[in-house]
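Below, each chain spelled out in residue letters.
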Amino acid sequence: MTNMLLADWNTAFDLAPFDAISDADFAPAFDTALAQARTEVMAIAENSAPPSFANTIEALEASGKGLDRVLSVFYTLAGADSNPKRQELQREFAPKLAAYSSELYGKKALFSRIESLWAARDTLDLTPEEARLLMLTHRGFRRSGAALTGDEEARMRQIMARLAELGTAFTQNLLADEAGWHMELSEADLEGLPDFLVDAARLAGREKGLEQPVITLSRSLIVPFLQFSPRRDLRKKAYESWVSRGAMGGETDNREVATEILRLRAERAALLGYESFAAYKLETEMAKTPEAVRDLLMAVWEPAKAQVKRDAARLTEMMQADGINGELEPWDWRYYAEKRRQAEHDLEEAALKPYLSLEGMIAAAFGCANRLFGLEFRALDVALYHPDCRAWEVTRNGSHVAVFIGDYFARGSKRSGAWCSAMRGQAKRPAVQGPVVINVCNFAKGDPALLSYDDARTLFHEFGHALHQMLSDVNYESISGTSVARDFVELPSQLYEHWLEVPEVLERYATHVTTGEAMPRELLEKLLKAANFDQGFQTVEYVASALVDLAFHEGEAPADIMTKQLEILDNLGMPRAITMRHASPHFAHVFSGDGYSSGYYSYMWSEVMDADAFASFEEAGGAFDVERAKALESHILSRGGSEDAETLYLKFRGRMPGVAALLKGRGLAA
């Protein structure tokens, strides 16, 4: 029987034929594709011809495409629709991929070819993009230990293999904790909950085969429960389970896993000659140094903490007015903040949600992309990996641009959070290929599906990442789309969130799910006025996580992550009624892989730019200014990593921004 992962895909837009792929196909396809990738790399390394850009750098770019194709399908499923077999395969593939990576970067003959090209780079007559690719390739090999020899080289291989295993274990432990916990609610427990939450809880119960409604650890369920449930005992129970993910004891406990990851990262950095893992990781980012990151975070921390102190006093008064004495607790904050929002802004989430349907917000995201960039979206009838998924062809002036896939609903087989990935990135060489881009979210399913304003912002955020992928226009896939510095990658996504706040966008797309009527002007104005509500809380929980991440990766690795986490937060004066957005045992950004390690700050670094970037639209002709949109596409969205991030931003804006725009945007300016 044909293994479709290894066959030609005679499908629309060369999409993966998900309906013809089974879990049994992955292991043999992986082994075959991995062997082929090794053969291709060996041929480059052992080429008897003198090294050239074409036979070395471009050849590397063209190698491993079969392996990339197998893994793009597999990891899409492993993240968004996991099962025991796929988890087993993840554990099997991780050390093999780490070994292959170590083998690739350890090929001395290959590194010698790259080194000779780097030394002669000024004589090679390269285009700017080719010169950039050569630099990135040389830097990548150096930072991966290509210059190591002997025992140090062998130890680096061991470290990378073990880190791959640990990252997979961390992810799977977290998924198990999230999928394994739920809280059943009686009819009496539903008192005070808005209809949309009751409906979502009933649906979640049915999906678990239960007759009772349930609250799960899905953010789209547990956050509104903490906002609206008057039952303090149930809020406490739900909250403590939510923040205990990855630290519930037993086989899925992540505390020792994370501790070992930090120890191995520190050793890895030392082998490469860096004083800390943070110094190693930040070398390639816009921030460059841990000191620059800390300066930014602390510039925001103190104003945010001052705001939290004022807010906590007000919420404590409200709690005590309800007859509850004692301190404001973390499971109280969202409940009393929601009551305060209703009192001060006369804005109830239950009244807002019917105007924020999933369909309406998808249409809004598409509509803004049409006005800004001329993109059009046509629904496709194609086989996808789950019935919840939907696909669209993206065109401009009748020409194909990309395929966009949306997977919006929470389910037990999907890891938490929201993300954007490309099953295939844009490229022109060695062959022309259009991107296939996926947005994955975890919204509560409903009939119809209704979003919170935070959910709608998430949808716009991830679609901003998708635009970065879809509008890419470079030659090489490895520098296309979101292949940029980590603290630059969030700029397009966070910038796109601003269009959700444009009044004319809400007036057109925030229509009542039943009547079709536009959101009343009064409600719209209340929504926009409340946009900065509770920003002290949101900023403190985020910045605390970013500072803990940074401290973990500076200097010697901690002997115990929980002790170190507590020490860092105590030194910061962390408000007692707020916890980190991501406590260490479930801090997947940092411990599921290297992606955001020492880099969780990057959302705020990018926010400094996104506030300034959107201001440039407002200073010009408004949110849909044609020339600003062209500049955004020309200098940022289309360029991927083909130039240094700071250079791209300077071309777009003409200057680098300061922190003032961010503080103003969050309502934290003095």
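As the structure is a prediction and not an experimental result, all values here were calculated from the model. (Residues numbered from 1 in each chain as written. Predicted model: local features only at pLDDT ≥ 70, side-chain atom pairs only at ≥ 80, totals over all residues. Heavy atoms only, no water.)

*Asks:* Mind laying out the overall build of the protein chain, listing which residues take part and the relevant values?
*Replies:* Of the regular secondary structure elements, the protein chain holds 27 helices and 7 strands. The C-alpha radius of gyration computed for the protein chain amounts to 25 Å, which stays within 12% of the reference 26 Å derived for 670 residues, consistent with globular compactness. Reported as C-alpha extents along the three principal axes, the dimensions of the protein chain are approximately 80 × 60 × 55 Å. Across the 670 residues that make up the protein chain, the buried fraction comes to 58%. If you sum the accessible surface of the protein chain, you get close to 27000 Å²; carbon and sulfur atoms cover 49% of it. (Helix = DSSP H or I, 4+ residues; strand = E, 2+ residues; numbered from the N terminus. Rg over C-alpha atoms; globule rule 2.2 N^0.38 Å. Buried < 20%, exposed > 50% of the residue type's maximum accessible area, 1.4 Å probe, protein only. Areas by Shrake-Rupley, 256 points an atom, 1.4 Å probe, with all protein chains shown as cover.)

*Asks:* Just give me the short version of empty space enclosed by the protein, but keep the residues and values in it.
*Replies:* All told, the structure shown has 4 cavities of 30 Å³ or more when counted by the stated rule. Taken as a whole, the largest cavity encloses approximately 110 Å³ of empty space. Around the largest cavity, the lining comprises 16 residues; the ones closest to its centre are Tyr-239, Arg-334, Glu-541, Thr-579 and Met-580. Those elements that provide at least two residues to the lining of the largest cavity are α10 (232-243), α14 (330-345) and α21 (535-552). It is α10 that contributes the most residues to the lining of the largest cavity, 3 residues altogether. Across the lining of the largest cavity, the residue classes tally to 9 nonpolar, 2 polar and 5 charged. If you add up the space inside the second largest cavity, you get close to 60 Å³. (1 Å grid on protein atoms, 1.4 Å probe; cavity = no way out; pocket = protein on both sides within 12 Å on 5 of 7 lines; lining within 4 Å. Points joined across faces, edges and corners; volume = space filled by probe spheres on them. Nonpolar A, V, L, I, M, F, W, Y, C, P; charged D, E, K, R; others polar.)

*Asks:* Let's hear about the packing of helix α8 (residues 195-207) against helix α9 (residues 219-228): which residues, and what values?
*Replies:* Running from amino to carboxyl end, α8 crosses α9 at an angle of 135 degrees, the nearest separation of the two axes being 11 Å. As judged from the angle between their axes, α8 and α9 are oblique. Here the hand of the crossing between α8 and α9 comes out left-handed. In this structure, α8 uses Phe-196, Leu-197, Ala-200, Ala-201 and Ala-204 to contact α9, whose residues at the interface are Leu-221, Pro-224, Phe-225 and Phe-228. Its residues placed into classes, the contact of α8 with α9 shows 9 nonpolar, no polar and no charged. (Axes fitted to C-alpha atoms, helices over the stretch in contact; angles between N-to-C directions. Parallel < 35°, antiparallel > 145°, perpendicular 65-115°, else oblique. Left-handed = near helix turned anticlockwise from the far one by under 90°. Contact = heavy atoms within 4.5 Å.)

*Asks:* I'd like a description of the pattern of salt bridges, backed by residues and values.
*Replies:* Enumeration over the complete set of coordinates arrives at 60 salt bridges. When the shortest N-O distance is used, the salt bridge between Arg-655 and Asp-612 registers 2.9 Å. In this pair, Arg-655 is assigned in the loop between α26 (645-653) and α27 (660-665) and Asp-612 in helix α24 (residues 602-619), connecting sequence segments 43 residues apart. Looking at Asp-612, the relative accessible area reads 5%, which means it is buried. (Salt bridge = Lys/Arg side-chain N within 4 Å of Asp/Glu carboxyl O.)

*Asks:* Tell me about α21, and please be specific about residues and values.
*Replies:* Spanning 18 residues, α21 covers 26 Å between terminal C-alpha atoms, matching the ideal 26 Å at 1.5 Å per step. The element α21 is largely enclosed, with a buried count of 17 among its 18 residues. (Expected span 1.5 Å × (residues − 1).)

*Asks:* So what's going on with the state of the cysteines? Residues and values would help.
*Replies:* Here is the idea: a disulfide is a covalent bond, and it sits between the sulfur atoms of two cysteines. Applying the stated criterion across every chain yields a total of 0 disulfides. With no disulfide partner, Cys-389 has as its closest neighbouring cysteine sulfur the one in Cys-441, 11 Å distant. Looking at Cys-420, it has no disulfide partner, and the nearest cysteine sulfur is the one in Cys-441, 9.6 Å off. (Disulfide = S-S within 2.5 Å.)

*Asks:* Could you give me a rundown of the sheet that holds strand β5 (residues 399-409), with the residues and numbers involved?
*Replies:* In spatial order, the strands read β3-β4-β5-β7-β6; together these 5 strands make up an open sheet with mixed pairing. Unpaired on one side and paired on the other, β3 (375-380) and β6 (419-424) mark the two borders of the sheet. The average angle at which neighbouring strand axes cross in this sheet is 30 degrees, direction not considered. Both β5 and strand β7 (residues 436-443) contribute to a ladder of 6 bridges, which runs parallel. (Pairing = 2+ DSSP bridges.)

*Asks:* Please set out the pairing of β7 residue by residue, giving values where relevant.
*Replies:* Summarising burial for β7: 8 of the 8 residues are buried, a large majority. Residues Val-436, Ile-438, Val-440 and Asn-442 of β7 are buried on one face, and the alternating residues Val-437, Asn-439, Cys-441 and Phe-443, pointing to the opposite face, are buried as well. Relative to β7, β6 runs antiparallel, the two sharing 5 bridges. Looking at β7, one finds that Arg-424 is bridged to Val-436.

*Asks:* Any details on the environment of Ser-101? Residues and values, ideally.
*Replies:* Mapped onto the elements, Ser-101 comes out in helix α4 (residues 84-105). Remark: the alpha-carbon pair of Ser-101 and Met-160, spanning 59 residues in sequence, is separated by 8.6 Å.

*Asks:* Report on the side chain of His-461, specifying residues and quantitative values.
*Replies:* Its place among the elements puts His-461 in helix α17 (residues 453-470). In this structure His-461 comes out as buried when scored by relative accessible area, which is 9%. Sequence-distant contacts of His-461, defined by excluding residues within four places in its chain, comprise Glu-490, Ser-493, Gln-494, Glu-497 and Tyr-603.

*Asks:* Requested: an account of unusual backbone geometry, with residues and values cited.
*Replies:* In this structure, Pro-430 follows Arg-429 across a cis peptide bond, with omega equal to 0 degrees. The topology assignment puts Pro-430 in the loop between β6 and β7. The amide bond that connects Asp-447 to the next residue, Pro-448, takes the cis arrangement and shows omega of 5 degrees. Note that Pro-448 resides in the loop between β7 and α17. For Asp-534, which is not glycine, the phi torsion reads 65 degrees and is therefore positive. Structurally, Asp-534 can be placed in the loop between α20 (521-529) and α21.

*Asks:* Could you give an account of the packing of aromatic side chains, naming the residues involved and the relevant values?
*Replies:* A full pass over the atoms with the stated rule returns 38 aromatic pairs. Centre to centre, the rings of Phe-26 and Phe-74 are 5.2 Å apart; their planes meet at 70 degrees, and the pair counts as edge-to-face. Linking Phe-26 in helix α1 (residues 23-45) with Phe-74 in helix α3 (residues 65-80), this pair joins segments that are 48 residues apart in sequence. You can call Phe-26 buried: its relative accessible area is 0%. Both rings, one in Phe-614 and one in Phe-617, keep their centres 6.3 Å apart while their planes meet at 25 degrees; by these two values the pair is stacked. Placement of the pair is Phe-614 and Phe-617 together in helix α24, with a separation of 3 residues, close to one helical turn. Grouping residues by exposure puts Phe-614 and Phe-617 together as buried. Feature note: the residues Phe-366, Phe-377, Trp-392, Phe-404, Phe-460, Phe-463, Tyr-496, Trp-499, Phe-614 and Phe-617 constitute an aromatic cluster, connected by ring pairs. One residue, Arg-371, lies across the ring of Phe-624, its end atom 3.8 Å from the ring centre. In this structure, Arg-486 is placed above the aromatic ring of Tyr-596, and the distance from its NZ or CZ to the ring centre is 4.3 Å. (Phe/Tyr/Trp six-rings, centres within 6.5 Å; stacked < 30°, edge-to-face > 60°. Lys NZ or Arg CZ within 6 Å of the ring centre and 35° of its normal.)

*Asks:* A description of the nonpolar core should follow, citing residues and the corresponding values.
*Replies:* Ranked by internal contacts, the top residues of the largest apolar core, which has 144 residues, are Trp-333, Leu-459, Phe-463, Phe-488, Tyr-496 and Trp-499. Every residue in contact with Phe-463, bar those within four places of it in the chain, is listed here: Ala-365, Phe-366, Ala-369, Phe-377, Phe-404, Asn-439, Met-470 and Tyr-496. If you look at the next biggest cluster of nonpolar residues, it comprises 55 residues, including Ile-44, Leu-134, Ala-146 and Tyr-476. (Core = buried A, V, L, I, M, F, W, Y, C linked by side-chain atoms within 4.5 Å.)

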